[in-house]
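What follows is the residue order along each chain.
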Amino acid sequence: CETCSEEEAKYRCPRCMKYSCSLSCVKKHKLTLSCSGIRDKTAFVSVTEFTDLNLLSDYRFLEDVGRAADAAARDLSVHRPTTNKFINYLRNRARKHNIFLKTLPIGFSKRKENSTIFNKKEQKFYWHLKLVFPHCHAEYTLKRVPEDKTLADILKPYIDPVESDPVVCQRLKIYTVSPPSDVRILMKIENRKQNSTRYNELDASRSLLENLKNKVIIEYPTLFVVLKKLKNDMVVLGQDASESAEDSDRGSSSLSSEEEGEIRERS
């Protein structure tokens, strides 16, 4: 026995191949080595050591995977409608604030990670929010951000030289050393043509709710924090000379009549 070194071994662990003499030694070896005692079906086996037993094991493993996939495909929860009471409630509350909230079907990563809620007692949204700092290739996810918090306060823990975390501050150094007047907050305009990406510039002194009004949001807001001198490839609506006034009005409008009809129908 490789645990007590006293008795003759009777058992061999399928996981780590250690010999044991009794149940107490088996439990002790699992605790000492943090061993689960379950054979690793995906462990590497060299060609020289590969036997018919390994082939049979692989075959059974693939059968188990197939059964698990088939069971998942039959799960009714996967095929439930893409809308439910909670999602409809969020959409309706958002619409009362002139925010046009759209949701993705179940299974999309944005749908899974979205933690936005509406607090009935306080009568306000707590948003799931993503901050993107493209000049540093950094992204941060914030959960349950109150709607009445200003964008400036939201950004303080990231780019404020005094209040930001030292590690984050170092990573976003290009932002922290720049004057606050050079920092711009942009949000992508949804429902535009594929090759016509435009951004709305947000007001950092206003609350998150005020900045989201009359805008289309897919699942949750994603804010791009850029520097004025480095945002050449991000066209802000109304600042592109080649963009007509008609296109500017259409881009800043909330929704087309077809999209409004779609939202009413889905709700």
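Under an unreviewed UniProt entry, the chain has the name Box C/D snoRNA protein 1 and belongs to Alectura lathami. Turning to the chain, the UniProt record has this under Function (unreviewed entry): "Required for box C/D snoRNAs accumulation involved in snoRNA processing, snoRNA transport to the nucleolus and ribosome biogenesis." Heading Sequence similarities (unreviewed entry) of the UniProt record for the chain holds this comment: "Belongs to the BCD1 family."

Enquirer: I'd love a proper account of the pattern of salt bridges, names of residues and values included.
Expert: A side chain of one charge can pair with a side chain of the opposite charge when the charged atoms of the two come close. One pass over the full model with this rule turns up 11 salt bridges. Note that E113 and K130 form a salt bridge whose closest N and O atoms lie 4.0 Å from each other. In this pair, E113 is assigned in helix α4 (residues 109-113) and K130 in strand β5 (residues 124-133), connecting sequence segments 17 residues apart. Classification of E113 by relative accessible area gives partly exposed; the value is 33%. Under the relative-accessibility criterion, K130 is labelled buried at 18%. Across the pair K124 and D148 runs a salt bridge, and its minimum N-O distance is 3.3 Å. Placement of K124 in strand β5 and of D148 in the loop between β6 (138-146) and α5 (151-159) is noted, with a sequence separation of 24 residues between them. Taking the relative accessible area as the measure of exposure, D148 reaches 48% and is therefore partly exposed. Sharing partners across several salt bridges, the network here consists of K41, D64 and R67.

Enquirer: Before we move on, could you go through the environment of N54 and cite the residues and values that matter?
Expert: Tracing the sequence through the fold places N54 in helix α2 (residues 52-74). Along the backbone, N54 and K41 are 13 residues apart, and their C-alpha atoms lie at a distance of 9.2 Å. Not counting chain neighbours up to four residues away, the residues in contact with N54 comprise V45 and E49. A distance of 2.9 Å separates a polar side-chain atom of N54 from the backbone nitrogen of T51.

Enquirer: Before we move on, could you go through unusual backbone geometry and cite the residues and values that matter?
Expert: Positive phi values are uncommon outside glycine, yet N98 reaches one of about 60°. Its location among the elements puts N98 in the loop between α3 (85-96) and β3 (99-102). Overall, N98 belongs to the partly exposed group, its relative accessible area being 40%.

Enquirer: Give me the lowdown on the side chain of S207, citing residues and values where you can.
Expert: Looking at the element boundaries, S207 is found in the loop between β8 (199-202) and α8 (208-212). Residue class for S207 comes out buried when judged on its relative accessible area of 12%. Among residues more than four places away in sequence, those in contact with S207 are E147, D148, K149 and T150.

Enquirer: How would you summarise the UniProt feature "domain: HIT-type" (unreviewed entry) in the chain if you had to cite specific residues and measurements?
Expert: Sequence positions flagged by UniProt for "domain: HIT-type" (unreviewed entry) are, in local numbering, residues 1-35. Its end C-alpha atoms 16 Å apart, residues 1-35 is made of 31% helix and 11% strand.

Parameters at a glance
Residues numbered from 1 in each chain as written. Predicted model: local features only at pLDDT ≥ 70, side-chain atom pairs only at ≥ 80, totals over all residues. Heavy atoms only, no water. UniProt positions renumbered as here; feature names shortened; annotations may be inferred. Salt bridge = Lys/Arg side-chain N within 4 Å of Asp/Glu carboxyl O. Helix = DSSP H or I, 4+ residues; strand = E, 2+ residues; numbered from the N terminus. Buried < 20%, exposed > 50% of the residue type's maximum accessible area, 1.4 Å probe, protein only. Contact = heavy atoms within 4.5 Å. Polar contact = N/O pair within 3.5 Å; in protein donor to acceptor, adjacent residues only side chain to side chain.

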